[in-house]
Amino acid sequence: MTITNEQLNQFRQAFESDKANHAAKHAVAKVGIYKSSTDNNLKRRHSFVFSDETKKGDITNQKSSGRCWMFAALNTARVDTMKKLNMKTFEFSQNYTLFWDKLEKSNYFLESILETMEEPLNSRLVQHLLSDPVEDGGQWDMFSGLLEKYGAVPKSVMPETYHSSNTRELNQVLTAKLREFAADLRDGHKAGQSKDELEKIKEQSLSFVYSLLTKALGEVPDSFSYEYRDVDDAFHRIEDITPVDFFNEYVDWDLDERVSLINAPTDDKPYGKAYTVKYLGTVKEGKPITYVNAPIEALKEAAIASIKDGEPVWFGCDVGKMLDREAGIMDESTYDYEATLGQALNLTKAQRLDYGESLLTHAMVFVGVDLDNDGEPIKWKVENSWGDKSGDKGIYSMSNSWFDEYNYQVAVKKKYIEEKWLDALNKPVVELDPWDPMGSLARVK
């Protein structure tokens, strides 16, 4: 049926008869839906004071790039480096890990193209692979693979460039070439070229990618020396060390001991099972992305245990929902849409996932929690990577109810997770389709 004039008259009369609409329409038109709907008591609920906190470094800034997952992971790792080097603050090079991520993603994409040669070009799978092969985003296990293979370096060893801080142009050119390389591989396969011949095409393609990344991001170091002063102003020099050795010695993480818990309360993902996503990864030979689906309370308990032990927590969420970015507050009641628009947003967390209304978009770090007298969380202290102009000089506050609704993933040591959830890792891992919402990547700028 079409929209009729009779219906339009009914809509108009219903709008005019509600006096609340007349007040709301002026505010919404003047300042927008968000500002006109902001709860005036929002800041009263968020004092930015927390009962339990971890050590943290100075606030970082990912600028115009989707490297939030890298910043969050390196900001988590640097706390151990700061302790080992006796430094007040420290920052890893996010440009260094960006270089290897782009190269490894390019290889992962081309390998996926080789693996899907028999698929029609217009298949959902091939079109999915072609859609965004080297986007900035990622997940915890993808970064874990990069750390294990390439290590990490201080920011001064490989500082930012224009393209590390502004990735759009680089991504556009690199994506165009990768699609071209994909066409070369598929055309070569159709023409009867051998596996060895196709591998040669892929190797030449990767050589171009390496050259492009070196021009845009700079040369990656095989080894380096690092000079610094500690909190007592004593001078130190670490000489001739490789990035892998630097990570192993001055972060000293057992990456196998860190596990991702997710909360996806949808019917197709029972709790207590481990999941992976097909055709999602960075380092091809690395461990596949794996996470255990658990109730939201399991994520909170693990995060609180880690924070109480002085260890920050990497987490992934849908940051754009109910966020006052200027105030740096994530609260389930940030916007009173019912008052201004006449209806609230009523989908459940499961429905938001099922109907495409929400998914993981951004990664940050829990560096504190505010617990009540019974040990229950009230709000969470969040270290973001958007600079120090928003929130409390870059620190955000998250209500506990917001955690329930929009947080999807935490990465913590196994010792902070109940055995009944870890047991899922000893059972067969369920493979999800590449387009499943839990295959989304943290990449918000």
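Refer to the structure presented above.
Rules used in this analysis
- Residues numbered from 1 in each chain as written.
- Predicted model: local features only at pLDDT ≥ 70, side-chain atom pairs only at ≥ 80, totals over all residues.
- Heavy atoms only, no water.
- Helix = DSSP H or I, 4+ residues; strand = E, 2+ residues; numbered from the N terminus.
- Rg over C-alpha atoms; globule rule 2.2 N^0.38 Å.
- Buried < 20%, exposed > 50% of the residue type's maximum accessible area, 1.4 Å probe, protein only.
- Areas by Shrake-Rupley, 256 points an atom, 1.4 Å probe, with all protein chains shown as cover.
- 1 Å grid on protein atoms, 1.4 Å probe; cavity = no way out; pocket = protein on both sides within 12 Å on 5 of 7 lines; lining within 4 Å.
- Points joined across faces, edges and corners; volume = space filled by probe spheres on them.
- Nonpolar A, V, L, I, M, F, W, Y, C, P; charged D, E, K, R; others polar.
- Core = buried A, V, L, I, M, F, W, Y, C linked by side-chain atoms within 4.5 Å.
- Contact = heavy atoms within 4.5 Å.
- Salt bridge = Lys/Arg side-chain N within 4 Å of Asp/Glu carboxyl O.
- Pairing = 2+ DSSP bridges.
- Patch = residues over 30% accessible without salt bridge, like charges linked within 9 Å, V, L, I, M, F, W, Y side chains within 5 Å.
- Lys, Arg positive; Asp, Glu negative; His and termini not counted.
- Charge placed at Lys NZ, Arg CZ, Asp CG, Glu CD.
- Phe/Tyr/Trp six-rings, centres within 6.5 Å; stacked < 30°, edge-to-face > 60°.

Engineer: Explain the overall build of the chain here, please?
Structural biologist: Counting its secondary structure elements, the chain contains 16 helices and 14 strands. In terms of C-alpha radius of gyration, the chain reaches 24 Å, essentially the compact-globule figure of 22 Å for 445 residues. Principal-axis analysis of the C-alpha atoms gives the chain an extent of 70 × 65 × 45 Å. Counting over 445 residues, the chain shows a buried share of 53%. Approximately 21100 Å² of the chain is accessible, and the part contributed by carbon and sulfur atoms is 47%.

Engineer: Hey, could you run me through empty space enclosed by the protein in this one?
Structural biologist: It is a probe the size of a water molecule, rolled over the atoms, that shows where empty space is left. Evaluation of the coordinates by the stated rule reveals one cavity of 30 Å³ or more. Within this model, the largest cavity holds a volume of roughly 40 Å³. Contributing to the lining of the largest cavity are Thr76, Val79, Asp80, Lys83, Trp253, Arg258, Gly310, Glu311 and Pro312. Element by element, the count of residues in the lining of the largest cavity is highest for helix H4 (residues 68–85), at four residues. Looking at the lining of the largest cavity, its residues break down into three nonpolar, two polar and four charged.

Engineer: Help me out: how do you make sense of the layout of surface pockets in this one?
Structural biologist: Each pocket or cavity is described by its volume, and for the largest pocket that value is around 590 Å³. In terms of lining residues, the largest pocket is bounded by 32 residues, among which His128, Glu135, Leu280, Gly439 and Leu441 are the most central. Residue assignment for the lining of the largest pocket shows that the elements contributing at least two residues are helix H5 (94–115) and helix H6 (124–131). For the lining of the largest pocket, the element with the most residues is H5, which contributes four residues.

Engineer: Just checking my understanding: could you explain the nonpolar core for this structure?
Structural biologist: Nonpolar side chains in soluble globular proteins tend to be buried together. Ranked by internal contacts, the top residues of the largest apolar core, which has 88 residues, are Trp69, Tyr226 and Phe246. Ignoring any residue separated from it by four or fewer positions in sequence, one finds tryptophan 69 in contact with Asp101, Lys105, Asp136, Gly137, Gly138, Gln139, Met142, Phe143, Leu146, Trp314, Ala363 and Ala442. Ala302, Met330, Tyr337 and Val382 belong to the second-largest nonpolar core, a separate cluster that totals 40 residues.

Engineer: Just to check I follow, could you spell out the pattern of salt bridges for this structure?
Structural biologist: Pairing between side chains of opposite charge can happen when their charged atoms approach one another. Summed over the entire model, instances satisfying the criterion amount to 29 salt bridges. Across the salt bridge formed by aspartate 132 and arginine 443, the nearest N and O atoms sit 3.3 Å from each other. Pair noted here: aspartate 132 is in the loop between H6 and helix H7 (140–150) and arginine 443 is in the segment after strand S14 (430–432), with a separation of 311 residues, a long-range link. Judged by its relative accessible area of 41%, arginine 443 falls in the partly exposed class. Between arginine 443 and glutamate 135 there is a salt bridge, with the nearest N and O atoms lying 2.7 Å from each other. Here the residue arginine 443 occupies a position in the segment after S14, and glutamate 135 occupies one in the loop between H6 and H7, the gap between them amounting to 308 residues. Look at the salt bridges and you will find they share partners, linking Asp39, Arg45 and Asp331 into a network.

Engineer: What is the right way to read the pairing of strand S11 (residues 377–383) from this model?
Structural biologist: On a regular strand, each side chain points to the face opposite its neighbour's, so the side chains alternate between the two faces of the sheet. In terms of burial, S11 is a largely internal element, six of the seven residues being buried. In this sheet, S11 lies alongside strand S10 (residues 362–371) in antiparallel orientation, the contact comprising six bridges. The residue of S11 that forms the bridge with aspartate 370 is lysine 379. The antiparallel hairpin formed by S10 and S11 contains five residues in its connecting segment, where glycine 375 sits at a positive phi of about 80°. In terms of strand pairing, S11 meets strand S12 (residues 395–399) through five bridges, oriented antiparallel. Opposite tryptophan 380, over in S12, you have methionine 398 as the bridge partner.

Engineer: Would you explain the side chain of asparagine 171 in this entry?
Structural biologist: With respect to the helices and strands, asparagine 171 occurs in helix H9 (residues 168–190). Take asparagine 171: its relative accessible area is 13%, and that puts it in the buried class. Setting aside residues up to four positions removed in sequence, asparagine 171 forms contacts with Lys102, Val134 and Asp136.

Engineer: Where do I start with a negative patch on the surface in this structure?
Structural biologist: A surface patch of like charges, here negative, comprises Asp245, Glu249, Asp252, Asp254 and Glu257. Judged by relative accessible area, glutamate 257 falls into the partly exposed class, the value being 34%.

Engineer: Just checking my understanding: could you explain the packing of aromatic side chains for this structure?
Structural biologist: In this description, a pair of aromatic rings is defined by centroid distance and the angle of the planes. Applying the stated criterion across every chain yields a total of 25 aromatic pairs. Ring plane angle 75° and centroid distance 6.0 Å describe the contact between phenylalanine 181 and phenylalanine 208, whose orientation is recorded as edge-to-face. Placement of phenylalanine 181 in helix H9 and of phenylalanine 208 in helix H10 (residues 195–217) is noted, with a sequence separation of 27 residues between them. Phenylalanine 181 sits in the buried class, given a relative accessible area of 7%. On the accessibility criterion, phenylalanine 208 (34% relative accessible area) is partly exposed. Each ring, one from phenylalanine 366 and one from tryptophan 380, has its centre 4.9 Å from the other, and the planes form 45°; the classification is tilted.

Distances and angles like these do not, on their own, reveal function.
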